[in-house]
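# Architecture and fold: a report
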Amino acid sequence: MVRDHWNFTAAPFDGTLEPATFYCGGPQEEALARLEWLVEERQRFGLVVGAEGCGKSHLCAMAARRIGGLGAEVALLSLRGLTAGDWIELLLERLPLDAASRGEPLRPWQKLENRLRENTLMERTTAVVFDDLDAAPTDAVDGILRLISAAEPRYARVVVIATATPEGFARLPGGIRQRAAVRIDLEPWDEQDVAGFLRRSLERVGGDPEIFSADAAATLARFAGGVPRVASQLAQLALVAAAGDGLERVDAATVERAWRELVPASAPASAAGDADRASADAAATPAPANPHVRVVRRLWG
């Protein structure tokens, strides 16, 4: 219904982690710049810290592409849901080992070290991106600590990037937290970022970038709290509601109605209260504009 009503070529807010759906808002732009600095300066370890839904996994996927473009050999692995012993086998699967290397009768860690040594001899960086470090099994945390702290020459060109929530970051071993050359706090989007995300997503599927009115985009940003995952879900629901009503544009009232579907009356009081406060804010005063800070290239480049 939504695609037919708006003449989209695909779903604009499908929530996938494909590079084409990545929107580089202010926080993402700064995070990617710092991660590129990490690789270019051959720093061993960097941590990206952000709340659930702030786009850490999507950032990891895009960072892997960017870092690969710098000439590094990149492996991306989510550690969420793994059991003890799984992580290193899965990591080896993501590295381009030849058949002979994979078939060697060696322990997985020896195979990994052999690959690191080969890349070091070829003066090529090995970049390993671990998503959800705070959800990793203990043996994975111990192995990553070795990757970022070992002094042997084979580790000289290893760069490790990991993500965690603020709560998970506090639970990580001190040896990992202290070795981060940079901690990148992935902040929520501001109102301009949300509006840009809506326009970019609609343009990508052949839609009118102004389907969401300015008031609707501002209201959506307030209800979503700048959280990319929530913004995407709410935008999709608002499109469905507007299409069902036969509207040509999504207005602020439709966004509010969609929000109340996303956070129903049976939700916890805190969530319902947030909705009421956001609704009052949307009707009363505009949200203050958060200034974009674009100094990372000067600070880190």
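All values reported here derive from a predicted model rather than from experimental measurement. (Residues numbered from 1 in each chain as written. Predicted model: local features only at pLDDT ≥ 70, side-chain atom pairs only at ≥ 80, totals over all residues. Heavy atoms only, no water.)

### Topic: the overall build of the chain
Helices and strands together make up the secondary structure of the chain, namely 15 helices and five strands. Per-residue burial over the chain gives 48% buried out of 301 residues. (Helix = DSSP H or I, 4+ residues; strand = E, 2+ residues; numbered from the N terminus. Buried < 20%, exposed > 50% of the residue type's maximum accessible area, 1.4 Å probe, protein only.)

### Some details on the packing of helix 2 (residues 26-40) against helix 3 (residues 56-69)
Where helix 2 meets helix 3, the axes come as close as 10 Å, and the angle between the chain directions of the two elements is 45°. Regarding the angle of helix 2 to helix 3, the classification is oblique. Judged by the sense of rotation from one axis to the other, the crossing of helix 2 with helix 3 is right-handed. On helix 3, the residues that touch Gln28, Ala31, Leu32, Leu35, Glu36 and Val39 of helix 2 are Leu59, Met62, Ala63, Arg66 and Ile67. In the contact of helix 2 with helix 3, the residues fall into eight nonpolar, one polar and two charged. (Axes fitted to C-alpha atoms, helices over the stretch in contact; angles between N-to-C directions. Parallel < 35°, antiparallel > 145°, perpendicular 65-115°, else oblique. Left-handed = near helix turned anticlockwise from the far one by under 90°. Contact = heavy atoms within 4.5 Å. Nonpolar A, V, L, I, M, F, W, Y, C, P; charged D, E, K, R; others polar.)

### Quick look at the packing of aromatic side chains
Counted by the stated rule, this structure contains nine aromatic pairs. Ring centres 6.5 Å apart and planes at 20° place the aromatic pair Trp6 and Phe8 in the stacked group. On the basis of relative accessible area, Trp6 is assigned to the buried category, the value being 9%. According to the relative accessible area criterion, Phe8 is buried, its value standing at 6%. Connected via pairs of aromatic rings, a cluster forms that spans Phe13, Tyr23, Trp189, Phe197 and Phe212. (Phe/Tyr/Trp six-rings, centres within 6.5 Å; stacked < 30°, edge-to-face > 60°.)

### As for the sheet that holds strand 5 (residues 182-185)
If you walk across this open sheet you meet the five strands as 2-3-4-1-5, and the pairing is parallel. Of all the strands in the sheet, the pair left with one neighbour each is strand 2 (73-78) and strand 5. For this sheet, the mean angle separating the axes of adjacent strands, direction not counted, is 15°. With five bridges joining them, strand 3 (residues 126-131) and strand 4 (residues 158-164) adopt parallel strand pairing. Across the sheet, Val128 pairs through a bridge with Val160, a residue of strand 4. Here helix 2 sits on the sheet in contact with strand 1 (45-49), strand 4 and strand 5, set at roughly 165° to strand 5. Where helix 4 (residues 86-94) meets the sheet, its contacts fall on strand 2 and strand 3, and the angle it forms with strand 2 comes to roughly 140°. (Pairing = 2+ DSSP bridges.)

### Focus on the layout of surface pockets
Estimates place the volume of the largest pocket at around 550 Å³. Contributing to the lining of the largest pocket are 32 residues, with Leu17, Gly55, His58, Pro228 and Arg229 lying nearest its centre. At the level of secondary structure, the elements contributing two or more residues to the lining of the largest pocket comprise helix 3, helix 10 (191-204) and helix 12 (228-244). A class-by-class count of the residues in the lining of the largest pocket yields 12 nonpolar, 11 polar and nine charged. (1 Å grid on protein atoms, 1.4 Å probe; cavity = no way out; pocket = protein on both sides within 12 Å on 5 of 7 lines; lining within 4 Å. Points joined across faces, edges and corners; volume = space filled by probe spheres on them.)

### Re the nonpolar core
Nonpolar side chains in soluble globular proteins generally cluster together in the buried interior. By size, the foremost hydrophobic cluster in this structure holds 34 residues, and its most contacted members are Leu79, Trp87, Leu112, Phe130 and Leu133. Breaking this core down by element, the ones donating at least two residues are strand 1, strand 2, helix 4, helix 6 (108-121), strand 3, helix 7 (138-149) and strand 4. Here this core takes five residues from helix 7, the largest share from any one element. Once you skip the residues sitting within four places of it in the chain, Trp87 turns out to touch Leu77, Leu79, Leu82, Trp109, Phe130, Asp139, Ala140, Gly143 and Ile144. In this structure, Phe8, Leu202, Ile211 and Ala231 belong to the second largest nonpolar core, which totals 32 residues. (Core = buried A, V, L, I, M, F, W, Y, C linked by side-chain atoms within 4.5 Å.)

### A few points about the confidence of the model for the chain
Confidence in the prediction of the chain, expressed as mean pLDDT, is 88, and 87% of residues score 70 or more. Within the model, pLDDT remains below 50 along residues 265-273, and this stretch shows two contacts once partners closer than five positions in the same chain are excluded. The low-confidence segment residues 282-301 (pLDDT under 50) makes 24 contacts with residues lying over four places distant or belonging to another chain. (pLDDT = per-residue confidence, 0-100.)

### Observations regarding the pairing of strand 3
The buried count for strand 3 comes to six of six residues, which makes it a mostly enclosed element. Here strand 3 shows two buried faces, one formed by Thr126, Val128 and Phe130 and the other by Ala127, Val129 and Asp131.

### What about the environment of Glu256?
Following the sequence through the fold, Glu256 ends up in helix 13 (residues 252-262). Residue classification places Glu256 among the partly exposed residues on the basis of a relative accessible area of 24%. In this structure the C-alpha to C-alpha distance between Glu256 and Ala238, which are 18 residues apart in sequence, comes to 8.3 Å.

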